[in-house]
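# Examining the three-dimensional arrangement
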Protein chains: 2
Amino acid sequence: MSLSEKNLAFVMHCGEMGSRWGFNRTIGQMCGLLTITKEPMTANEIADTLSISRGNVSMGIKELQSWRLIKVHHIPGDRKEYYGPAGSIWDMANRVFEERKKREIDPTLSLLRDNILEEAHNDDERFAQQQMQEIHDLLETVTKWSAELQRLSPEQLQSLMKLGSGIGKVLDFKDKILKKPGKE
Amino acid sequence: MSLSEKNLAFVMHCGEMGSRWGFNRTIGQMCGLLTITKEPMTANEIADTLSISRGNVSMGIKELQSWRLIKVHHIPGDRKEYYGPAGSIWDMANRVFEERKKREIDPTLSLLRDNILEEAHNDDERFAQQQMQEIHDLLETVTKWSAELQRLSPEQLQSLMKLGSGIGKVLDFKDKILKKPGKE
DNA sequence: ATTAAATTTCTGAAGTTTTTGAATACAAAA
DNA sequence: TTTTGTATTCAAAAACTTCAGAAATTTAAT
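Residues numbered from 1 in each chain as written. Chains lettered and ligands numbered in written order. Predicted model: local features only at pLDDT ≥ 70, side-chain atom pairs only at ≥ 80, totals over all residues. Heavy atoms only, no water.

## Quick word on the sheet that holds strand β1 (residues 41-42) of chain B
All names here are of chain B. Definition in use: Being paired, for any two strands, means DSSP has found at least two bridges between them. Here a strand is any run of E in DSSP of at least two residues, a helix any run of H or I of at least four, and the numbering for each starts at the N terminus. Any two residues whose heavy atoms approach within 4.5 Å at even a single point are treated as in contact. An axis is simply a line fitted to the C-alpha atoms; with a helix, the fit covers only the stretch in contact. Between two such axes, the angle follows the N-to-C directions and lies from 0 to 180 degrees.
Spatially, three strands are ordered β1-β3-β2 in an open sheet, and the strand pairing comes out antiparallel. Each edge of the open sheet is held by one strand with a lone partner, namely β1 and β2 (70-75). Sheet topology places β1 next to strand β3 (residues 78-85); two bridges connect them, and they run antiparallel. Across the sheet, the residue bridging to T42 is Y82, located in β3. Contacts from helix α4 (residues 54-66) reach β2 and β3, with the element oriented near 115° to β2.

## Some words on the protein's contact with DNA strand C
Heads up, the rule is: Residues are classed as near a molecule or strand on a simple rule: at least one heavy atom within 4 Å of it. Here a polar contact means two N or O atoms within 3.5 Å. Within protein one must be a hydrogen donor candidate and the other an acceptor candidate, and residues neighboring in sequence count only if both atoms are side-chain atoms. When residues are grouped by polarity, Ala, Val, Leu, Ile, Met, Phe, Trp, Tyr, Cys and Pro land in nonpolar, Asp, Glu, Lys and Arg in charged, and all others, Gly among them, in polar.
Near DNA strand C there are 18 residues, and of these T26, S53 and N56 of chain A together with R54 and K62 of chain B occur at the shortest range. Here a phosphate oxygen of DNA strand C sits 2.3 Å away from a polar atom, N or O, in the side chain of T26 of chain A. Residue N56 of chain A places a side-chain N or O atom 3.0 Å away from a phosphate oxygen belonging to DNA strand C. At the level of elements, α2 (25-36) and α4 (54-66) of chain A together with α4 and β3 of chain B are the ones that each hand at least two residues to the surface near DNA strand C. The biggest single contributor to the surface near DNA strand C is α4 of chain B, with five residues. Classifying every residue of the surface near DNA strand C by side-chain character gives three nonpolar, eight polar and seven charged.

## Observations concerning the domain arrangement of chain A
Residues and elements named next belong to chain A. Under the convention used in this document: Either an automatic procedure or a domain database provided the assignment from which the domain bounds are taken. Here the buried area means the combined drop in accessible surface, using a 1.4 Å probe, for two parts upon being joined, counting both sides. By definition, a salt bridge exists where a carboxyl oxygen of Asp or Glu is found within 4 Å of a side-chain nitrogen of Lys or Arg.
If you check the domain split of chain A, you get domain 1 (5-85) and domain 2 (89-179). Counting from both sides, the interface comprises eleven residues of domain 1 and, opposite them, eight residues of domain 2. Both sides of the domain 1 and domain 2 interface together cover about 910 Å² of buried area, and 59% of this is carbon and sulfur. Taken as a group, W67, R68 and L69 account for 61% of the area that domain 1 buries against domain 2, more than any other trio of residues on that side. Viewed at the interface, domain 2 and domain 1 are joined by one salt bridge. With a shortest N-O distance of 3.1 Å, R68 and E98 are connected by a salt bridge.

## A look at the pairing of strand β3 (residues 82-85) of chain A
Residue and element names in this part refer to chain A. Bridge count between strand β1 (residues 41-42) and β3: two bridges; the pairing is antiparallel. Within β3, the position partnered with M41 by the bridge is Y83. For strand β2 (residues 70-73) and β3, the ladder comprises four bridges, and the chain directions are antiparallel. Among the inter-strand pairings, V72 is bridged to a residue of β3, identified as Y83.

## Observations regarding the nonpolar core
The following threshold applies: What makes a nonpolar core is a set of buried Ala, Val, Leu, Ile, Met, Phe, Trp, Tyr and Cys residues whose side-chain atoms join them at distances within 4.5 Å. Think of it in three bands: residues with accessible area under 20% of the maximum for their type are buried, residues over 50% are exposed, and the middle band is partly exposed, with areas taken using a 1.4 Å probe on protein chains only.
F10, I46, V57 and L69 of chain A are the most contacted members of the largest nonpolar core, which has 36 residues in total. Examining the composition of this core, we find that six residues originate from one element, α2 of chain A, more than from any other. Apart from residues no more than four positions distant in its own chain, L69 of chain A is found in contact with F23, C31, L64, G84, P85, A86, M92, R95 and V96 of chain A. With 35 residues, the next largest nonpolar core counts M132 of chain A together with L34, L69 and I89 of chain B among its residues.

## Thoughts on the sheet that holds β1 of chain A
All names here are of chain A. Taken together, three strands build an open sheet; the order of strands is β1-β3-β2 and the sheet is antiparallel. Whereas interior strands pair on both sides, the edge strands pair on one side only; in this sheet they are β1 and β2. Running over the sheet, α2 touches β1, β2 and β3 and is turned about 85° from β3.

## Points about a negative patch on the surface
Rules: Like-charged residues are merged into a patch within 9 Å and nonpolar side chains (Val, Leu, Ile, Met, Phe, Trp, Tyr) within 5 Å, provided each residue has over 30% relative accessible area and no salt bridge. Exposure was quantified through the Shrake-Rupley algorithm and a 1.4 Å probe, taking into account, for residues, occlusion by the shown protein chains and nothing else. Under this rule, positive means Lys or Arg and negative means Asp or Glu; His and the chain ends count for nothing. Taken as the charge location is NZ of Lys, CZ of Arg, CG of Asp or CD of Glu.
On the surface, E5 of chain A together with D114, E118 and E119 of chain B cluster together into a patch of negative charge. Note on placement: E118 of chain B falls in the loop between α5 (89-117) and α6 (123-151).

## Re the state of the cysteines
Residue and element names in this part refer to chain A. As a reminder of what qualifies: Cysteine sulfur atoms that pair up within 2.5 Å are treated as a disulfide.
Within the structure shown, the criterion is met by zero disulfides over all chains. A disulfide-free cysteine, C14 has its sulfur positioned 6.8 Å from the sulfur of C31, the nearest such atom. Owing to a relative accessible area of 17%, C14 belongs among the buried residues under this scheme.

## Re the packing of helix α1 (residues 5-21) of chain A against α5 of chain B
What counts, and what does not: When describing relative orientation, an angle under 35 degrees is termed roughly parallel and one over 145 degrees roughly antiparallel, while 65 to 115 degrees is termed roughly perpendicular and anything else oblique. Take the far helix as the reference: if the near one is turned anticlockwise from it by less than a right angle, the crossing is left-handed, and if turned clockwise, right-handed.
Direction vectors running N to C along α1 of chain A and α5 of chain B enclose 170°, while the axes themselves pass 10 Å from each other. As judged from the angle between their axes, α1 of chain A and α5 of chain B are roughly antiparallel. Crossing geometry of α1 of chain A relative to α5 of chain B is assigned as left-handed. Of α5 of chain B, the residues touching α1 of chain A (which contributes K6, N7, A9, F10, H13, M17 and R20 of chain A) are R100, R103, E104, P107, T108, L111, L112, D114 and N115 of chain B.

## What to know about α5 of chain B
Put simply, the test is: A helix is expected to reach a length of 1.5 Å times the quantity of its residues less one. A residue's bend is given by the angle between axes fitted to the 7 residues ending at it and the 7 residues starting at it.
Across its 29 residues, α5 of chain B extends 40 Å between first and last C-alpha, which sits within 8% of the 42 Å expected from 1.5 Å per residue. Residue K101 of chain B marks the point of greatest curvature in α5 of chain B, where the axis turns by about 40°.

What follows is the structure, encoded as structure tokens:
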């Protein structure tokens, strides 16, 4: 199997970005490749297409599975495993975000909580705690929002996404409405 | 200078997270340290506190400046440079986000655009293009939204942040309101 | 100009991560 | 049970990143 020039460029780009998203180059490439390939691929096809070793592909598959980004397909009468993306682009983006939250934000939050509970003994410590409190609040907001986004129906999401610069206006509405007695 | 046990834990944690945010361990530590330290520090103080070489600190400073996360202070009659955070926690988070957008999202978007403009010659290419289109749209939405967030007034932002699960309701309001003739 | 204080750059050593490919394990078919 | 096609593991090699400390440079004071 071989890729068109443009598709190859995309896959290589995914490799370069890979480490930014939390995995390494090869795994990034694999993820990109499987995402733009219509039919699920075997491990050998992946190895050939990307010119990497079979062992490396095996590792990559395991990793991508742990991120729940790819899933296995089977073809009756064929004992090879075929791999394809685990969902829509939006699903995949969500998975990456969720997984990174688990690995980065959650541990940070718990460390910050520990720290904030401690009593401050002097001005410097007080300052440090204030800053940590702010980081904590920020991260918590991000967490709350990401959970919120996942709870929205696709239509609501669509609606929200299209909102763009309308958000300011909507906020103003909301304030007006909520200020009226008897609401919320 | 030396850090309390808890503060040290925070700084070290920043180091571990550092690479996730786009820089390396030492630079992460430096960023954490400067963020929770009330008074701006000299390069030598940083080196001593973190037990790293002076040269390393110099590199780190340059990098953190390129991210616009720290700024220099001067004390009259003292030729040393003193470094402190470049703004509030929210500012800094914004900077990191903005900078990463510039380094990751923007190049990806332009590659995707190139690719989407090309004509598809067969089914596989058509599928690849569809997927890329979806990624493109998603990234563009993220871009639009982040710009939007930065345009909001602090009060609006506050209001939005507190919204949480209220977002669903507000969207419903919006739909109702916008459906009425004579609005928007 | 000279000196002294401070910062930056550079290099190779040390450390870390990634990759390969051979060995191993597994599971279905013969 | 053996063979065969497949997937996984693992140790060693390669590639990459980070770092300390020496050398070079800049800056400011005398």
